Every structure is written in C-alpha cells, then in structure tokens.
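The residues making up each chain are set out below.
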Amino acid sequence: TAEAEAERCMAKARSAADQPPALAELGEEEVLSALEGSAEVGRGGFGVVYAVELPSLPGWGRVAVKRALHGAEGGEVMAEVSNLRRCAHRNVLPLLGYCGAPQAACIVTALMRGGSLDD
C-alpha cells in the first residue's frame, strides 16, 4: 500500500541521518528527463519541488527534487548543498544528490509525505 511505502521511505531517511548516503552528482539530462511531465508537489522561495524516481538513486523510490527557480544562481544551489551536507540529523531529510547545471539546478532529498513544516 501507499502508506506502507511511505513508512518504508521515512524509515530509510531516518537511518540515513546516522549513516549519510554517498552524495550523487546528477547530470542535467537525467534531471530534465525525470521532471518531464511530473507534477509539482510543493513550492518555496528557492524553487519548486517534484516527486520523481531517478535511476541514479536506486532503492529510494520516489524522491523530492527541489529545482531552483529560473534566475537562481548556481551558487545558491551549491550553498544549500554545502549546508545540508553538514547537517545530518534525524529531523532533517538527508541530502541524496544535486545537479549544478544551470538549466537543471536542483537538490534531491528523501520525499517527505504528509505536507511540510508550513502546514
């Protein structure tokens, strides 16, 4: 069921706080291909969030891809990557990957079901 899958993903994300996964540097083509036709699941000041599956991250199922808004500079993405790499805690979603290409600049985290901290 979807509920069981969501719980499995959250358990994996919690365990990643103790043993962070290797950070995947994603290619522009993989990101753009995954985002094609995917639905927006959230939005913030940094960008738009999509739930997609990425071949570079087997075993994670659907992940959250937070794509930088057009006009955001690559430095903003890399600053967020740097901050998240230093922040391993059970209450922070683990950073799984990123893409620094201008047309596909994004960060990838585990997918949190059930809303956001703003809800």
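In short, a report on the structure. These numbers were taken from a predicted model, which means no experiment stands behind them. (Residues numbered from 1 in each chain as written. Predicted model: local features only at pLDDT ≥ 70, side-chain atom pairs only at ≥ 80, totals over all residues. Heavy atoms only, no water.)

An α-helical turn contains 3.6 residues, so any two residues separated by three or four positions project in the same direction. Among the residues of helix α2 (residues 28-35), those classed as buried are E30, V31, A34 and L35. End-on view of α2: buried residues confined to an arc of 120°, all on one side of the axis. On its buried side, α2 packs onto β3 (47-53), β4 (62-68), β5 (95-99) and β6 (106-110). At the exit of α2 stands G37, carrying a positive phi of roughly 80°. (Buried < 20%, exposed > 50% of the residue type's maximum accessible area, 1.4 Å probe, protein only. Helix = DSSP H or I, 4+ residues; strand = E, 2+ residues; numbered from the N terminus. Arc of directions from axis to C-beta. Contact = heavy atoms within 4.5 Å.)

With that settled, consider empty space enclosed by the protein. Applying the stated rule across the entire model yields one cavity of 30 Å³ or more. Size it by volume and the largest cavity reaches roughly 30 Å³. Contributing to the lining of the largest cavity are C9, W60, R62, V63, A110 and L111. Partitioning the lining of the largest cavity into residue classes produces five nonpolar, no polar and one charged. (1 Å grid on protein atoms, 1.4 Å probe; cavity = no way out; pocket = protein on both sides within 12 Å on 5 of 7 lines; lining within 4 Å. Points joined across faces, edges and corners; volume = space filled by probe spheres on them. Nonpolar A, V, L, I, M, F, W, Y, C, P; charged D, E, K, R; others polar.)

Taken in spatial order, the six strands line up as β1-β5-β6-β4-β3-β2 in an open sheet, and their pairing is mixed. Each edge of the sheet is formed by a strand with only one pairing partner; in this case those strands are β1 (24-25) and β2 (40-43). Across the face of the sheet, α2 comes into contact with β3, β4, β5 and β6 while running at roughly 85° to β3. (Pairing = 2+ DSSP bridges. Axes fitted to C-alpha atoms, helices over the stretch in contact; angles between N-to-C directions.)

Among the seven residues that make up β4, five are buried, leaving the element largely enclosed by the rest of the structure. Across seven bridges, β3 lies against β4 in antiparallel orientation. Bridge pairing in β4 places V52 opposite V63. The pairing of β4 with β6 spans five bridges and is antiparallel. Following the sheet pairing, V65 is matched in β6 by V108.

Turning to the environment of R90, a few remarks are in order. With respect to the element layout, R90 can be found in the loop between α3 (74-86) and β5. Taking the relative accessible area as the measure of exposure, R90 reaches 56% and is therefore exposed. Taking the C-alpha atoms as reference points, R90 and R14, separated by 76 residues in sequence, lie 5.3 Å from one another.

Read these as layout, nothing more, since geometry by itself doesn't imply function.
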